[in-house]
Amino acid sequence: MNDLFTWAALGSVAGASAATLLTANVIGGLLGPDSDKARKWIALGVALALSYATAAFATEAGAQKWIIAFFNGLVIFSAALGINQLPPGNRQPTQASPSRLAQGREPRFVRSWV
């Protein structure tokens, strides 16, 4: 059990991004295929919550830690969102069209919701 998520891992950008992506995709999957917009808001909420929770445990920082936590939340959200998919021309379509499937392209297991 110690090999999965730990408190230290959730405090890192990589761990928080993975938790954000996982949470948004699981909840979005439960909501159904029309939940792409909800996934973005869920991811933003989770990223900010993890960032503010990490800031709450920071004892050496002053009041500015809350401002920094906001920007750290945006970094976590951007990493979970897949900043490498920007600009929009680099994105894959979110819905697999029948013409693409007819051309031999299989639907991807993990699809972009950006």
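Above this text is the structure in question.
Rules of the game
Residues numbered from 1 in each chain as written. Predicted model: local features only at pLDDT ≥ 70, side-chain atom pairs only at ≥ 80, totals over all residues. Heavy atoms only, no water. Helix = DSSP H or I, 4+ residues; strand = E, 2+ residues; numbered from the N terminus. Buried < 20%, exposed > 50% of the residue type's maximum accessible area, 1.4 Å probe, protein only. Contact = heavy atoms within 4.5 Å. Areas by Shrake-Rupley, 256 points an atom, 1.4 Å probe, with all protein chains shown as cover. Phe/Tyr/Trp six-rings, centres within 6.5 Å; stacked < 30°, edge-to-face > 60°. Lys, Arg positive; Asp, Glu negative; His and termini not counted. Salt bridge = Lys/Arg side-chain N within 4 Å of Asp/Glu carboxyl O. Polar contact = N/O pair within 3.5 Å; in protein donor to acceptor, adjacent residues only side chain to side chain. Core = buried A, V, L, I, M, F, W, Y, C linked by side-chain atoms within 4.5 Å.

(A) Just the overall build of the protein, in detail. Within the protein, the regular secondary structure consists of 5 helices and 0 strands. Walking the protein from its N terminus toward its C terminus, one meets helices and strands in the order α-α-α-α-α. Out of the 114 residues in the protein, the part that is buried amounts to 27%. The long-range fraction of contacts in the protein, counting pairs at least 24 apart against all pairs at least 6 apart in sequence, stands at 47%. With an accessible surface of roughly 7,900 Å², the protein has 66% of that area assigned to carbon and sulfur atoms.

(B) Focus on the packing of aromatic side chains. Going through the model one piece at a time under the given rule, you end up with 2 aromatic pairs. Ring geometry for F70 against F71: centres 5.3 Å apart, planes inclined by 75 degrees, an arrangement best described as edge-to-face.

(C) Region of the structure containing the side chain of K65. Counting through the fold element by element, K65 comes out in helix α4 (residues 65-81). Here K65 occupies a buried position and makes no salt bridge, while the nearest side chain of opposite charge, E60, is found at 11 Å. For K65, the side chain forms a polar contact with the main-chain oxygen of A55, separated by 3.2 Å. A polar atom in the side chain of K65 sits 2.9 Å from the backbone oxygen of A58. Ignoring any residue separated from it by four or fewer positions in sequence, one finds K65 in contact with A55, A56 and A58.

(D) Broad picture of the nonpolar core. Judged by nonpolar contacts, L10, A16, A19, A24, I42, A43, V46, A47, L50, I76, F77 and L81 together constitute the single largest core of 12 residues. Listing elements by their share of this core, those giving two or more residues are α2 (13-31), α3 (36-56) and α4.

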